[in-house]
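Chain by chain, the residues:
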Amino acid sequence: MKRKVLSALLIAAMTMATVGCGGGQQAADTQAPAETEAPAEAETPADDAAADAEAPADSAAASGELITVGYAQVGAESDWRTANTESFKSTFTEENGYKLIFDDAQQKQENQIKAIRSFIQQEVDYIVVAPVVETGWETVLEEAKEAGIPVILSDRMMDVSDDTLYEAWVGGNFVKEGETCGDWLATYLEEQGRGEEEINMVTIQGTIGASAQVGRTEGMANKLAEHSNWKMLDMQSGEFTQAKGQEVMESFLKSYDDIDVVICENDNEAFGAIDAIKAAGKTCGPEGDIIVVSFDSVKAAFESMIAGDLNATFECNPLHGPRVAEIIQKLEAGEAVDKIQYVDEAYFDTSMDLESILAERAY
Ligand code: GYE
């Protein structure tokens, strides 16, 4: 009974999240079927019966207890991260049947490892990790496995030799995001009559070793290889923060006087880069000297595009709370879960009706 209410609530939350995330044509198209199918599934009595039959007798949901979830969060470095934290906090509530133990690791892997160990000590039912970097997790995941606590990865990936150390991963396709950025740039330059021109680029990378950094850099590199007239002058990490993004851009502007494009591996770095460009007496955006593009598509990025500063942003959806809850509900019911779950993502640029899209945006 409790689980039935819970899954209905979760599906409602997921539907809301899905409705809120689109805006762009691509997102709206790909997500439409899920919105109509999901609630119907939740109400099918046959499904519930099947779930009841499969649910392990001692599962927390079956016994009506709260499910305890420890979330080892990266930090609070960006608007994306704030939206992600909010998504978990609003999903894993007591009202929805959960007790959430939230830990902010301040962008440090050692803090995340400590948090996971403390979750194990507290005997939580599930551990969720958004790993700051990809490597170095084997030992602590083995400890969770020995304690019999399932681990779910959200957002960034872990590079582990044994994939039974985690149940599932849900997040964005970062390589694809990078490639979408490169394709957008090619079309945009073509439209400007600059398709054959020598184009000088710089990249403000994310936290080195984080999946979002690795994937976006790789996706963009794939596209660079297709354009012999594109030149990557420099790449440096801006740690996914506005302050560091500004600092890196200041140094790029001192070193190179002919930058055509700056690729920022998240929106907040772009806000810093834009400040640096303006402080250096240069201009950016569709009417300016320097093309600025970034990833995430948070609300402030729309404001920056509307102000004419940012050219385009490539979406990365942070609303993983309901997705992880769905995985937990399936595991509680003894059902199989897809190991790797990518989220659909769109992009936005200044050719679109940004005010209308912004009005519907959930983050
Ligand atoms: O792009 C950035 C955040 O891992 C996808 O982390 C996430 C990234 C996101 O700090 O803003």
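Shown above is the structure to which this text applies.
The rules behind each value
- Residues numbered from 1 in each chain as written.
- Predicted model: local features only at pLDDT ≥ 70, side-chain atom pairs only at ≥ 80, totals over all residues.
- Heavy atoms only, no water.
- Helix = DSSP H or I, 4+ residues; strand = E, 2+ residues; numbered from the N terminus.
- Buried < 20%, exposed > 50% of the residue type's maximum accessible area, 1.4 Å probe, protein only.
- Arc of directions from axis to C-beta.
- Pairing = 2+ DSSP bridges.
- Axes fitted to C-alpha atoms, helices over the stretch in contact; angles between N-to-C directions.
- Contact = heavy atoms within 4.5 Å.
- Parallel < 35°, antiparallel > 145°, perpendicular 65-115°, else oblique.
- Left-handed = near helix turned anticlockwise from the far one by under 90°.
- Nonpolar A, V, L, I, M, F, W, Y, C, P; charged D, E, K, R; others polar.
- Phe/Tyr/Trp six-rings, centres within 6.5 Å; stacked < 30°, edge-to-face > 60°.
- Lys NZ or Arg CZ within 6 Å of the ring centre and 35° of its normal.
- Right-handed = clockwise from strand over helix to strand, strands pointing away.

A.B. asks: Quick question: what am I supposed to make of the environment of Glu-247 here?
C.D. replies: Here Glu-247 is to be found in helix α9 (residues 242–255). Judged by its relative accessible area of 47%, Glu-247 is partly exposed. With 26 residues separating them in the primary sequence, Glu-247 and Ala-273 have C-alpha atoms 7.8 Å apart.

A.B. asks: Before we go on, may I ask you to explain helix α11 (residues 299–306) in this structure?
C.D. replies: Because an α-helix completes one turn every 3.6 residues, residues spaced three or four positions apart along the sequence face the same direction. Burial in α11 covers these residues: Ala-301, Phe-302, Ser-304 and Met-305. End-on view of α11: buried residues confined to an arc of 160 degrees, all on one side of the axis. Positive backbone phi, approximately 85 degrees, marks Gly-308, located one or two places after α11.

A.B. asks: Which parts of the structure should I look at to understand the sheet that holds strand β7 (residues 230–237)?
C.D. replies: Pairing between sheet strands relies on hydrogen bonds along the backbone, with the strands arranged either parallel or antiparallel. Spatially, six strands are ordered β7-β6-β8-β9-β10-β12 in an open sheet, and the strand pairing comes out mixed. Edge positions in the sheet fall to β7 and β12 (347–349), since each has one partner strand and no second. Put simply, the sheet's adjacent strands are angled 15 degrees from each other on average, direction ignored. Alignment of strand β6 (residues 199–205) against β7, held across seven bridges, turns out to be parallel. Bridging across to β7, Ile-199 finds its partner in Trp-230.

A.B. asks: Teacher, can you tell me more about the environment of Asn-222 here?
C.D. replies: Along the chain, Asn-222 turns up in helix α8 (residues 211–224). Residues in contact with Asn-222, not counting those within four places in the same chain, are Val-175 and Glu-179.

A.B. asks: Mind showing me how you'd approach the packing of helix α7 (residues 174–191) against α8 here?
C.D. replies: The axes of two packed helices give the description: the angle between them and the distance between them. Where α7 contacts α8, the two axes come as close as 6 Å, and the packing angle between them is 40 degrees. With respect to their mutual orientation, α7 and α8 come out oblique. The chirality of how α7 crosses α8 is right-handed. Along its contact with α7, which presents Phe-174, Val-175, Glu-177, Gly-178, Glu-179, Cys-181, Gly-182, Asp-183 and Leu-185, the element α8 presents Ser-211, Ala-212, Gly-215, Arg-216, Glu-218, Gly-219, Met-220, Asn-222 and Lys-223. Counted by class, the contact of α7 with α8 contains six nonpolar, six polar and six charged residues.

A.B. asks: What's the story with the packing of aromatic side chains in this structure? I'm lost.
C.D. replies: Each aromatic ring pair is specified by the distance between its two centres and by the angle formed by the two planes. Taken as a whole and assessed by the stated rule, the structure comprises 11 aromatic pairs. Note on Trp-184 and Phe-314: the rings are 6.1 Å apart at their centroids and 70 degrees apart in plane angle, and the pair reads as edge-to-face. You can see Trp-184 sitting in helix α7 and its partner Phe-314 sitting in strand β10 (residues 312–315), a full 130 residues away along the chain. For the pair Trp-184 and Phe-314, a shared accessibility class is recorded, and that class is buried. Where Phe-252 meets Tyr-256, the ring centres are 6.5 Å apart and the plane angle is 55 degrees; that geometry is what we call tilted. Residue Phe-252 is classed as buried on the basis of its relative accessible area, which comes to 0%. Linked through ring pairs, Tyr-71, Phe-88, Phe-92, Tyr-98 and Phe-102 together constitute an aromatic cluster. Lys-89 extends its terminal NZ or CZ atom over the ring of Phe-102, reaching a point 4.4 Å from the ring centre. Geometry around Tyr-363 places Arg-361 over its ring, the cationic atom sitting 4.6 Å from the centre.

A.B. asks: Explanation requested: the pairing of β6 in the structure shown.
C.D. replies: Within a regular beta strand, the side chains point alternately toward one face of the sheet and then the other, so they alternate between its two faces. Taken across its seven residues, β6 has seven buried, putting it largely inside the fold. Alternating positions in β6 separate into two faces, Ile-199, Met-201, Thr-203 and Gln-205 on one and Asn-200, Val-202 and Ile-204 on the other, with burial throughout. Read as a crossover between parallel neighbours, the route from β6 over α8 to β7 is right-handed. For β6 and strand β8 (residues 261–264), the ladder comprises four bridges, and the chain directions are parallel. Across the sheet, residue Ile-204 finds its bridge partner in β8, namely Cys-264.

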